[in-house]
Structures are given as C-alpha cells and as structure tokens.
Amino acid sequence: MKVLVIGSGAREHALCRALSLDPDVTALHCAPGNAGIAEVAELHAVDALDGAAVADLAASLQVGLVVVGPEAPLVAGVADAVRERGIPAFGPSAEAARLEGSKAFAKDVMAAAGVPTARAYVCTTPAEIDEALDAFGPPYVVKDDGLAAGKGVVVTEDVEAARAHALACGRVVIEEFLDGPEVSLFAITDGETVVPLQPAQDFKRAHDGDEGPNTGGMGAYSPLPWADPKLVDEVVATVCQPTVDELRRRGTPFSGLLYAGLAITSRGVRVIEFNARFGDPETQVVLARLKTPLAAVLLAAATGRLDAEPPLRWSDGAAVTVVVASHNYPGTPRTGDPITGLAEVAEQDGPEAYVLHAGTKRDGASGAVVSAGGRVLSVTATGSDLATARERAYRAVGRIGLEGSHHRSDIAAKAAAEAGS
C-alpha cells in the first residue's frame, strides 16, 4: 500500500514513523512534512487546506490511503475532497469535524447523545458573557467556539481576564470547571465500530508544576498506572459509541479518529472537549506503544471494515514524550535557530529514545535543521516502566541544543513516582 500523510507536525512525524515500520506500506509520502519526516517519507509541497490540491497529489502518487493529520484541513473538507476522487481517506468529513470545529455543536451532540459533560452557556453578547461568568463563578473556563490551535481556552480565577478572553472570541462557550485529573482517549472509528487506543495524559501548561499559560501541549505519557482498569471500556460505552451513533443518526457519520479529552471528576467521567484527529503530543506516546501495524487499521476505518480487524496489540511498557519549545512559546516564537544534538540522540539513545520533529525545516543555505515553529521537537522514549522511559527521554533532551528553548522537567514525574512506590 502507498500512503500519503497530510501535515507537518510531530503528530504527523509519529504517524509517518509508525507507517514506515509497517511492512505493508510500500511507499510513504507526506505533504508538506518537515525536516524529520523527510528521513522516513518523501515530501511534497502542497497547501494542506486545499482539498482539490491534496486530492490531485494523492491521485498523481496513486496512493491507496490518505491520512489527514491536523484539524484545520479536516474542518476545511480535505478528507471529503479526497474521497470524492475515489481514494480512501482517514479523517472525518467537514460536517462531522464540526465536533472539533465548534464547541457549541459538540455540546449539542453530547446533549442529544446523553454524554456526560460540563454544564455550559454559548454566549455572543457582553451581557450573556457576564451572566454566564456570574452563574458559574471561579475558576472560570472560557473557550473560543472555533479552532484555536489548542490555545483558545482560558482557565482563570480572574474574572476580568476571563471576560477579556470571552470578548475577544466573538462566539464563546463558558462552562463549569471540572475537577480531577485529565485523560486523553483516542478511538478509531468507521462511523459504526469504535476501537479505543490506550489512554494518555498530556501537560497543557507551559511551565513545571502546571504553571504558566496554556499551550498546545508540552509533553505526555502512557499508560496511566493510576487510572481505573475499566476506564477505557466505560468511556467507549458512555462517550465514544453514543457520540458516533448520534452523528450517524444525524446523517453525518464520523469516520476517523475521535479524541475525547476527559476529566475524571468526583462525580465521574466528564468530557472536556472532542477533537476530530490524533492529539499532539499524546499520539507520540500512544503510537510508541502500539504493536499492531498501523496502515491496515486506518484503511479499515476509512473503508467501513473496522469490525473485521483483530484486536489491537500493545507493548507492556511505557512511553514518555517531552516537548522542546522555542524561545517565547506560546507567545510569538522565535524561529530560524539551528538545532544541534539530533545525530547524537540517534547514535547514543536509539532505538529506545528518538526525536520527532514538530516545527523544523532545513536551512536552504547551510543545510542545517533549524526551528520553524513554537513547539519544535517531541523527544520520545520507551521503557519497561514510566521511570525508565522518563529517564531515557530526559537524557535525550539533554543532548539537544536550541538557543532560548525551554521544556518542562516534570513530565510524568508524579505518575512515575506513584507507580514506583
């Protein structure tokens, strides 16, 4: 099978790495890709938001599967355009991707499907915003209704900061604060059958101790030794399957990757948000533990044959990923800085630790790999347990040089300590 992956981040690098290890994949392409993906896939220049251009590329390459990584192309209908050309695409339609593209739409679907989530108000005027903030009180949870690259949510005790964010959003969802630890659970679906992956936990805040502003994610780990063994089955039964069934009932079946962001509250599991694609950086650790070859599973989801696939196989070990971010991220990041130490990680830490590229490119003049975004690298490692995977990940991070960069030093620290005690 020839496969084309759309996107240019660490999530797409993780997907390409997994697909490159699949013996059924005879040719692997990525558009537009990045400097790291170029080592495992052939890169092509394309506007990832242009469905016709993506479909033309897929047809010219004669691929048997297109995997759409990021949310923006899905919401823009890229998967639809590919399917219209008769090429299987892993990723929901634009209509179904509204589950991520509109927080208000997601709340409506959850209400109809009986999915447990936070109480919320959808607000469009200053008066409605003030009424909602007063109704819930602190801590205030304010979400931009549309796509915001993981940075559209503000959680704050400061009512003026909450109001300012809400007023800047236009249409906004204000909801009750959910207590308890957060969990990410991915489920592959063909619109009927739902196949869960292993849960992960990510770290949204920029700095150690969950301090600083929200980011797209600064690290993740899997498995979750503290989670109830029945958690995955419960989430499939109460969240994923009812949501997939409701979207099919509406005539907009969801095929692709359903990502449930969950809070394990004192009152039970509650949905924080849905995404319509693999999450970043959780994908990096989940795929590191998946033993089943990936291509056949994604193709089965894209062609409505997921119920015929054998159960997924997983490693017993653990995986940790640490994001190395550029200077000033998540503000306006500095780019163009050279990255050193990549070869050293490959030589001295592989195959247990490796670097997945997020915001990188090759400098045309020097040929050096340089930073090209806010989150630059996802340094990922596996091990027999979280402590081992964590030690390997941070040892590899220590070899990386990127002027002005920052990373969290506490990814998976608490979980590893609890698992070892």
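Please read these numbers as outputs of a predicted model, since none were measured by experiment.

Engineer: Would you take a moment to explain the packing of aromatic side chains for this structure?
Structural biologist: A complete count under the given rule lists five aromatic pairs for this structure. An angle of 35° between the planes, with centres 6.1 Å apart, marks the rings of Phe90 and Phe278 as tilted. Remark: Phe278 occurs in the loop between β17 (268–275) and α10 (282–289) and Phe90 occurs in strand β5 (residues 89–90); sequence separation between them is 188 residues. Accessibility assignment for this pair places Phe90 and Phe278 in one class, buried. Here the aromatic rings of Phe203 and Tyr221 are separated by 6.1 Å at their centres, their planes lie at 45°, and the arrangement is tilted.

Engineer: Just to check I follow, could you spell out the sheet that holds strand β1 (residues 2–7) for this structure?
Structural biologist: Neighbouring strands of a sheet are bound in pairs by backbone hydrogen bonds; such pairs are parallel or else antiparallel. Taken in spatial order, the five strands of this open sheet run β3-β2-β1-β4-β5, and their pairing is parallel. The strands lining the two open edges of the sheet, one partner per strand, are β3 (42–43) and β5. Looking at chain direction, strand β2 (residues 27–32) and β3 are connected through two bridges and run parallel. The residue of β3 that forms the bridge with His29 is Glu42. Against the sheet, helix α1 (residues 10–20) contacts β1, β2 and β4 (65–68), and its axis sits at roughly 170° relative to β1. Along the sheet, helix α11 (residues 294–302) contacts β4 and β5; its crossing angle with β4, the most-contacted strand, is approximately 90°.

Engineer: Before we go on, may I ask you to explain unusual backbone geometry in this structure?
Structural biologist: Trans is the common state for peptide bonds, and a negative phi is the common state for residues other than glycine. For the bond running from Pro138 to Pro139, omega is -10°, close enough to zero to count as cis. The topology assignment puts Pro139 in the loop between α7 (126–136) and β7 (140–144). Along the chain, Ser222 connects to Pro223 via a cis peptide bond; the corresponding omega equals 0°. Following the sequence through the fold, Pro223 ends up in the loop between β15 (219–222) and α9 (231–249). Residues other than glycine seldom take positive phi values, yet Gln62 does so here, at roughly 55°. On the secondary structure map, Gln62 appears in the loop between α2 (51–61) and β4. Judged by its relative accessible area of 61%, Gln62 falls in the exposed class.

Engineer: Before we go on, may I ask you to explain the side chain of Lys107 in this structure?
Structural biologist: Tracing the sequence through the fold places Lys107 in helix α6 (residues 103–113). Of the residues examined, Lys107 reaches a relative accessible area of 13% and is grouped as buried.

Engineer: What is the right way to read the layout of surface pockets from this model?
Structural biologist: Its volume calculated, the second largest pocket comes out at about 410 Å³. Along the walls of the second largest pocket sit 20 residues, with His13, Glu39, Ala346, Tyr354 and Val355 positioned nearest its centre. Sorting the residues of the lining of the second largest pocket by element identifies α1, α12 (342–348) and β19 (353–357) as the ones contributing at least two each. Per element, the largest residue contribution to the lining of the second largest pocket is five residues, and it comes from β19. Residue composition of the lining of the second largest pocket, by class: 12 nonpolar, five polar and three charged.

Engineer: Can you help me understand the sheet that holds β7 in this one?
Structural biologist: Strand order in the open sheet formed by four strands is β6-β9-β7-β8, and the pairing between neighbours is antiparallel. The open sheet has two edge strands, β6 (120–123) and β8 (153–156), and neither has a second partner. Averaged over neighbouring strand pairs, the angle between their axes works out to 20° when direction is ignored. For β7 and strand β9 (residues 172–175), the ladder comprises four bridges, and the chain directions are antiparallel. Note that in β9 the partner of Val141 across the bridge is Glu175. Against the sheet, α7 makes contact with β6, β7 and β9, and its axis sits at roughly 165° relative to β6, the strand it touches most. The strands touched by helix α8 (residues 159–169) within the sheet are β7, β8 and β9, with β7 carrying the most contacts at an inclination of about 15°.

Scoring rules and cut-offs
Residues numbered from 1 in each chain as written. Predicted model: local features only at pLDDT ≥ 70, side-chain atom pairs only at ≥ 80, totals over all residues. Heavy atoms only, no water. Phe/Tyr/Trp six-rings, centres within 6.5 Å; stacked < 30°, edge-to-face > 60°. Helix = DSSP H or I, 4+ residues; strand = E, 2+ residues; numbered from the N terminus. Buried < 20%, exposed > 50% of the residue type's maximum accessible area, 1.4 Å probe, protein only. Pairing = 2+ DSSP bridges. Contact = heavy atoms within 4.5 Å. Axes fitted to C-alpha atoms, helices over the stretch in contact; angles between N-to-C directions. 1 Å grid on protein atoms, 1.4 Å probe; cavity = no way out; pocket = protein on both sides within 12 Å on 5 of 7 lines; lining within 4 Å. Points joined across faces, edges and corners; volume = space filled by probe spheres on them. Nonpolar A, V, L, I, M, F, W, Y, C, P; charged D, E, K, R; others polar.

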